[in-house]
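Here's the letter readout for the chains.
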Amino acid sequence: MKNDLEQLEAAVNVSDPLSEDRYELALAYIDRERYSEAIAQLDAILVMSRNHVNALYSRSIAHMSSGHYRQAGNDLLRVVTLDRAFLPAYKSLGYIQLTLGKEEAAVKTLQKAIAIDPDYVDAYCVLSDAFMDLGRNDEALEMINKALELDPEGEEPHCKMAMYCLARGDFKRLRAEQEILQRLNPDLAGQIGSLFFEQ
């Protein structure tokens, strides 16, 4: 693993490195949570090619992972302007808008993703959070049910349902979700169990 990184670094430490090599190195840095180094490589790509969609998206992930939400949001806005079908960018942008307290903007962003792909489970999951934050609980439940319909064994839809049940005080349904999560996300299931069901 280390040798792979050293090879990628060596490919970039030449007088005129290829953008592809810089991009591979940036992804390797992101995998290792070395976000500032990843951003430096992606910045260099974007100096040469300012509309490099994948570099913009990857830089947004590095910014988001290091808590720089506004910079991440700016990159994601550029991504969806340049490539209107880049679904993960809409999901991440919606998440950032939600994190920054812009719930209505998040709803619009995520609805755009669903308009492009009505089967995009991740967008329904984040949209459920936005509706919950807005107090639109029926719509939140509708989004979670849609995600579960599309991905009945998906960890994220079941996590969202568990959080919804907890927020609504529906402990009977929460218990059922906890049992499902024993298989999908044992850590969360254990937390729910120890907090609410174990004496």
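On a predicted model such as this, the values are computed, not experimentally measured, just so you know.

Draft legend 1. Just helix α6 (residues 87-99), in detail. The end-to-end C-alpha distance of α6, which contains 13 residues, comes to 19 Å, matching closely the 18 Å that a straight helix rising 1.5 Å per residue would cover. Along α6, the residues that are buried comprise Leu87, Ala89, Tyr90, Ser92, Leu93, Gly94, Ile96, Gln97 and Leu98. Against the buried residues of α6 lie α4 (53-65), α5 (69-82), α7 (103-116) and α8 (121-133). Where α6 ends, the next residue or the one after it, Gly101, has phi of about 80 degrees, a positive value.

Draft legend 2. Molecular detail of the packing of aromatic side chains. Inspection of the entire model under this criterion finds two aromatic pairs. For the pair Tyr57 and Phe86, a centre-to-centre distance of 4.9 Å together with 40 degrees between the ring planes defines the contact as tilted. Pair noted here: Tyr57 is in helix α4 and Phe86 is in the loop between α5 and α6, with a separation of 29 residues, a long-range link. Note on accessibility: Tyr57 and Phe86 belong to one class, buried. Relative to Phe196, the ring of Phe171 has its centre 5.7 Å away and its plane inclined at 45 degrees; by these criteria the two rings are tilted.

Draft legend 3. Focus on the pattern of salt bridges. By the definition in use, this model includes twelve salt bridges. The shortest N-O distance in the salt bridge between Arg136 and Glu104 comes to 3.9 Å. Of this pair, Arg136 sits in the loop between α8 and α9 (137-150) while Glu104 sits in helix α7, and the two are 32 residues apart along the sequence. Judged by relative accessible area, which is 28%, Arg136 ranks as partly exposed. Its relative accessible area of 44% is what places Glu104 among the partly exposed residues. Connected through salt bridges with shared partners, the residues Glu9, Arg34 and Glu37 form a single ionic network.

Draft legend 4. A look at unusual backbone geometry. In the Ramachandran plot, Glu33 falls in the positive-phi region, its phi being about 60 degrees despite a non-glycine side chain. You can see Glu33 is positioned in the loop between α2 (19-31) and α3 (35-48).

Draft legend 5. View of the nonpolar core. Val79, Ala89, Leu127, Leu181 and Ile192 are the most contacted members of the largest nonpolar core, which totals 62 residues. With near-sequence residues (within four places) excluded, Val79 lies in contact with Val53, Leu56, Tyr57, Phe86 and Ala89.

Draft legend 6. Region of interest: the environment of His52. Within the secondary structure, His52 is located in the loop between α3 and α4. In this structure His52 comes out as partly exposed when scored by relative accessible area, which is 22%. Linking His52 and Ser19, residues 33 residues apart in sequence, is a C-alpha distance of 9.8 Å.

Draft legend 7. Broad picture of the side chain of Glu177. By the secondary structure assignment, Glu177 is in helix α11 (residues 171-184). For Glu177, a relative accessible area of 2% corresponds to the buried category. Ignoring anything within four residues of it in the chain, the contact list for Glu177 reads His158, Met161 and Ala162.

Draft legend 8. Structural detail: the packing of α2 against α3. At a minimum axis distance of 8 Å, the contact between α2 and α3 shows a crossing angle of 160 degrees. Compared by their axis directions, α2 and α3 come out roughly antiparallel. Classified by chirality, the crossing of α3 by α2 is left-handed. Facing α2, whose interface residues are Ser19, Arg22, Tyr23, Leu25, Ala26, Tyr29 and Ile30, α3 presents Tyr35, Glu37, Ala38, Gln41, Leu42, Ala44 and Ile45. A per-class count over the contact of α2 with α3 returns ten nonpolar, two polar and two charged.

Cut-offs used in this document
- Residues numbered from 1 in each chain as written.
- Predicted model: local features only at pLDDT ≥ 70, side-chain atom pairs only at ≥ 80, totals over all residues.
- Heavy atoms only, no water.
- Helix = DSSP H or I, 4+ residues; strand = E, 2+ residues; numbered from the N terminus.
- Expected span 1.5 Å × (residues − 1).
- Buried < 20%, exposed > 50% of the residue type's maximum accessible area, 1.4 Å probe, protein only.
- Contact = heavy atoms within 4.5 Å.
- Phe/Tyr/Trp six-rings, centres within 6.5 Å; stacked < 30°, edge-to-face > 60°.
- Salt bridge = Lys/Arg side-chain N within 4 Å of Asp/Glu carboxyl O.
- Core = buried A, V, L, I, M, F, W, Y, C linked by side-chain atoms within 4.5 Å.
- Axes fitted to C-alpha atoms, helices over the stretch in contact; angles between N-to-C directions.
- Parallel < 35°, antiparallel > 145°, perpendicular 65-115°, else oblique.
- Left-handed = near helix turned anticlockwise from the far one by under 90°.
- Nonpolar A, V, L, I, M, F, W, Y, C, P; charged D, E, K, R; others polar.

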